[in-house]
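These are the residues of each chain, in order.
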Amino acid sequence: MDPKLLDILACPLCNSGLKYNAEKNELWCKQDGLAFPIRDEIPVMLETEARTLTTDERLDSHS
C-alpha cells in the first residue's frame, strides 16, 4: 500500500483514518470496527464489502 494513498484515504462512514493490515491486505477502521478489502491493489471502500473486525483485531495496537 502506497503510504501517500493511505494518508489521504478515510473511512467512508466516519471519516477517521485507516490502518493498513498487510497480512490480510485490508484497510482497518478501528472506530467503526470494519475491514475494507484491497483487490488488485485497489481499496474497496464500500460498507457492503467490508467485514467486521474481531475483538482481538480491534484491540491489536500494532495495526
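Remember, it's a predicted structure, so these values are computed and weren't measured experimentally.

Rules behind the numbers
- Residues numbered from 1 in each chain as written.
- Predicted model: local features only at pLDDT ≥ 70, side-chain atom pairs only at ≥ 80, totals over all residues.
- Heavy atoms only, no water.
- Buried < 20%, exposed > 50% of the residue type's maximum accessible area, 1.4 Å probe, protein only.
- Helix = DSSP H or I, 4+ residues; strand = E, 2+ residues; numbered from the N terminus.
- Pairing = 2+ DSSP bridges.
- Core = buried A, V, L, I, M, F, W, Y, C linked by side-chain atoms within 4.5 Å.
- Contact = heavy atoms within 4.5 Å.
- Polar contact = N/O pair within 3.5 Å; in protein donor to acceptor, adjacent residues only side chain to side chain.

Notes on the pairing of strand β2 (residues 26-29)
Then, number 1: Burial along β2 is two-sided: Glu 26 and Trp 28 and Leu 27 and Cys 29, pointing in opposite directions, are all buried.
Then, number 2: If you look at the hairpin formed by strand β1 (residues 19-21) and β2, you'll find four residues sitting between the two strands, and Asn 25 has a positive phi there, around 55°.
Then, number 3: The sheet contact formed by β2 and strand β3 (residues 34-39) spans four bridges and is antiparallel. In the strand pairing of β3, Glu 26 is matched with Pro 37.

Section: the nonpolar core
Then, number 1: Residues Leu 9, Cys 11, Leu 18, Leu 27, Cys 29, Leu 34, Phe 36, Ile 38, Met 45 and Ala 50 constitute the largest nonpolar core, which totals ten residues.
Then, number 2: Broken down by secondary-structure element, the contributors of at least two residues to this core are β2 and β3.
Then, number 3: The dominant element in this core, judged by the number of residues it contributes, is β3, at three residues.
Then, number 4: Residues in contact with Cys 11, not counting those within four places in the same chain, are Ser 16, Leu 18, Cys 29, Asp 32 and Phe 36.

Considerations on the side chain of Glu 26
Then, number 1: As for its position among the elements, Glu 26 is in strand β2.
Then, number 2: Here Trp 28 takes part through its side chain, which lies 2.9 Å from a polar atom of the side chain of Glu 26.
Then, number 3: In contact with Glu 26, other than residues within four places in its own chain, are Lys 19, Tyr 20, Asn 21, Ala 35, Phe 36, Pro 37, Ile 38 and Arg 51.

With respect to unusual backbone geometry
Then, number 1: A positive phi angle is found at Asn 15, which is not glycine, with a value near 65°.
Then, number 2: Residue position: Asn 15 is located in the loop between α1 (3-8) and β1.
Then, number 3: Among the residues examined, Asn 15 registers a relative accessible area of 62% and is labelled exposed.
Then, number 4: The phi angle at Asn 25 is positive, at roughly 55°, despite the residue not being glycine.

Some points on the side chain of Asn 21
Then, number 1: Assignment of secondary structure puts Asn 21 in strand β1.
Then, number 2: Overall, Asn 21 belongs to the buried group, its relative accessible area being 11%.
Then, number 3: Within the local environment of Asn 21, its side chain forms a polar contact with the backbone nitrogen of Glu 23, the two atoms lying 3.2 Å apart.
Then, number 4: At 2.7 Å, the side chain of Asn 21 and the backbone nitrogen of Lys 24 are in polar contact.

Nothing here speaks to function; it is geometry throughout.
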